[in-house]
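Listed here are the chains, written in short residue letters.
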Amino acid sequence: MSGLDKTQLIELLEYPRRRILQSMELNYCPHAGFFNHTDMECINCHQGMECTWMNHNDETIAVERKSVADLKQQLLVAVDFIDSSLTPHHLSRRQCECENCVWLKKVQQVLNV
């Protein structure tokens, strides 16, 4: 794990940030997308995972201070998010060249999973 390039891991966070923000419905969010772990509305919100992830990984967070292990874990959560948004025709990802599949392949190569 220590052989991973921290800069490369940080760069890989850019794509899921954009995708997660695009998927979020913030028009009626009382906290403007900032997860509040004490608010029952946040706790029961269907976007809890997305808000929590963004609050730990958006551009305002000093991700360069995170450990390689933390960055890897955050990327794995992002992989789950991107993977879950794929339609069934992406089952043959080896041949798909959409942004989602290209990003997933990059992460797979970097993390060797």
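Here the structure is shown first, and the text comes after it.
A few points on the structure. (Residues numbered from 1 in each chain as written. Predicted model: local features only at pLDDT ≥ 70, side-chain atom pairs only at ≥ 80, totals over all residues. Heavy atoms only, no water.)

Now for the packing of helix H2 (residues 14-23) against helix H4 (residues 48-57). Two measures define how a pair of helices packs: the angle their axes make with one another and the distance between the axes. Between H2 and H4, the shortest axis-to-axis distance is 10 Å and the interhelical angle comes to 140°. Relative to H4, the element H2 is oriented oblique. Note that H2 runs across H4; the crossing there is left-handed. Each of Pro 16, Arg 17, Ile 20, Leu 21 and Ser 23 in H2 lies in contact with H4, whose residues at this interface are Glu 50, Trp 53, Met 54 and Asn 57. (Axes fitted to C-alpha atoms, helices over the stretch in contact; angles between N-to-C directions. Helix = DSSP H or I, 4+ residues; strand = E, 2+ residues; numbered from the N terminus. Parallel < 35°, antiparallel > 145°, perpendicular 65-115°, else oblique. Left-handed = near helix turned anticlockwise from the far one by under 90°. Contact = heavy atoms within 4.5 Å.)

Attention now goes to the packing of H2 against helix H5 (residues 68-84). Between H2 and H5, the least distance of the axes is 10 Å, while the angle of their chain directions is 50°. Between H2 and H5, the angle falls in the class oblique. Judged by the twist between their axes, the crossing of H2 over H5 is left-handed. Counted together, Tyr 15, Pro 16, Arg 19, Ile 20 and Ser 23 of H2 and Ala 78, Phe 81 and Ile 82 of H5 form the full contact between these two elements. Across the contact of H2 with H5, the residue classes tally to six nonpolar, one polar and one charged. (Nonpolar A, V, L, I, M, F, W, Y, C, P; charged D, E, K, R; others polar.)

With that out of the way, let us pick up H2. Here H2 has its buried residues at Tyr 15, Pro 16, Arg 17, Arg 19 and Ile 20. Its buried side turned inward, H2 meets helix H1 (6-12), H4, H5 and helix H6 (99-111). (Buried < 20%, exposed > 50% of the residue type's maximum accessible area, 1.4 Å probe, protein only.)

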